[in-house]
Structure formats: structure tokens, C-alpha cells
Amino acid sequence: HHHHSFRSCSLIPSLAPLYPLNMYSDLLDVLGGGNAAVSASSSSENNRYIATSFKAGKMNLEPREGGKFWVTPDTRRGTVQLVWTSNSLKWEWKCRRNNDQVVDSFDVTPGATFERVESPTGRVYVLSQPRCMYWMQDASDEKDDDICVQVNQYLANPDEAKPQG
């Protein structure tokens, strides 16, 4: 089974060529220096409202020559969730195996899209900003379209993800 040992590459270096530094300095802040902030604001951390979630794994993108990317699936079982917290909508990916630890968390980019891409390896979707790819891990694909519509609705109008009432 050795050919299945994917090297895990971190999100940011592999995507660096796609957009200039300042566009993901925010992302670096979230991924890098976020831990201290979370413990300090644990009270607001309780006001987390999960607008939608679905089972999905990440795809690792490795830059190759000519602006192409080599894409390999991250085999970890994961969940993507859109979470309304502290007056903004966050996109989170968490590892289901590892005590549901949140691995990625970043503010949703208004106007971003979530679209299916043709892929021989399964049901693969790409988030346009910041560019991330995910593969659906639910055994059945019958909810994929609904999930996609729902996610795009929240990306287009993050306020719709606010808890009602």
C-alpha cells in the first residue's frame, strides 16, 4: 500500500503562486497566531452557530511547472463547516479522526464560489478564494447538489448564515 502514503503539504506554500502575499496574510494570521486569541475569547467562542456542514476531505495541491498543480487527496476523514461566530462567517475544516480538531479556519471571502470540478478521482469541489479543493466523503452523492447550492448561497450572502431570532 506504499503508493498511498501521500505527503501532506501545508495549504499555504503550495498555493503561493496563485495570489499575492497580502491576500493570504490574513489566512496566515488565522492559521498561525490564532491559538492565543481563541483562549482569550472563550466566552464568544461559545456563540458559534454552525450554518451548514458536510463530510469532505482536503486535496493537497503541489505546484508544478507551467502553472499546473499536482493534486493528491488528503486521506484523513474530515468535515467542512460554515460557522457564524463573532459577527463573521468562517470556513472550517476539521479532522474527524483527531477528536474533531479544527485544522483550517478562515473568514469566508465574499463572492467566493464553491464548484464541482471534473475529476477522475471522485466528487471534487473547489473553493475559489482562498483556493482549496475538497473531495466529498459521504458514501452517497445525492446531497452533493443541495450542499453546493447551500454553500454558494452563504458565500454570496454571509449574513444568511446568521442564526435566526
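Refer to the preceding data block for the structure.
All of the points below concern the structure found in this document.

Conventions adopted
Residues numbered from 1 in each chain as written. Predicted model: local features only at pLDDT ≥ 70, side-chain atom pairs only at ≥ 80, totals over all residues. Heavy atoms only, no water. Helix = DSSP H or I, 4+ residues; strand = E, 2+ residues; numbered from the N terminus. Expected span 1.5 Å × (residues − 1). Buried < 20%, exposed > 50% of the residue type's maximum accessible area, 1.4 Å probe, protein only. Arc of directions from axis to C-beta. Contact = heavy atoms within 4.5 Å. Core = buried A, V, L, I, M, F, W, Y, C linked by side-chain atoms within 4.5 Å. Salt bridge = Lys/Arg side-chain N within 4 Å of Asp/Glu carboxyl O. Pairing = 2+ DSSP bridges.

### Things to note about helix α5 (residues 144-156)
- When the terminal C-alpha atoms of α5 are compared, their 18 Å separation across 13 residues agrees well with the 18 Å that a helix rising 1.5 Å per residue should span.
- All of the buried residues in α5 are Asp-144, Ile-147, Cys-148, Val-151, Tyr-154 and Leu-155. In a view along the axis of α5, the buried residues occupy a sector of 130°, so they form one face of it. Opposite its buried face, α5 presents the exposed residues Asp-145, Asp-146 and Val-149, each directed more than 90 degrees away.
- Buried residues belonging to α5 abut β1 (49-63), β3 (78-85), β4 (88-95), β6 (114-117), β7 (124-127) and β8 (132-136).

### Regarding the nonpolar core
- Judged by nonpolar contacts, the single largest core of 25 residues is most densely connected at Phe-54, Trp-91, Phe-114, Leu-127, Tyr-134, Val-151 and Leu-155.
- Listed by contribution, the elements that provide at least two residues to this core are β1, β3, β4, β7, β8 and α5.
- In contact with Leu-127, other than residues within four places in its own chain, are Trp-91, Phe-106, Ala-112, Thr-113, Phe-114, Cys-132 and Leu-155.
- Within the second largest apolar cluster, six residues are counted, among which are Leu-61, Val-124, Val-126 and Met-133.

### Brief notes about the pattern of salt bridges
- Enumeration over the complete set of coordinates arrives at seven salt bridges.
- Of the charged contacts in the structure, one is a salt bridge between Arg-48 and Glu-92, with a shortest N-O distance of 3.0 Å. Here Arg-48, found in the loop between α4 (42-45) and β1, pairs with Glu-92, found in strand β4; they are 44 residues apart in sequence, far enough to count as distant.
- The exposure class assigned to Arg-48 is partly exposed, which follows from its relative accessible area of 28%.
- One salt bridge in this structure joins Asp-144 and Arg-123, with 2.7 Å as the shortest N-O distance. One end of the pair, Asp-144, is in helix α5; the other, Arg-123, is in the loop between β6 and β7, and 21 residues separate them in sequence.

### A word on the pairing of β6
- Direction of pairing for β6 relative to β7: antiparallel, over a ladder of four bridges. Note that in β7 the partner of Arg-116 across the bridge is Tyr-125.
- Joining the antiparallel neighbours β6 and β7 is a turn of six residues, in which Gly-122 adopts a positive phi near 140°.

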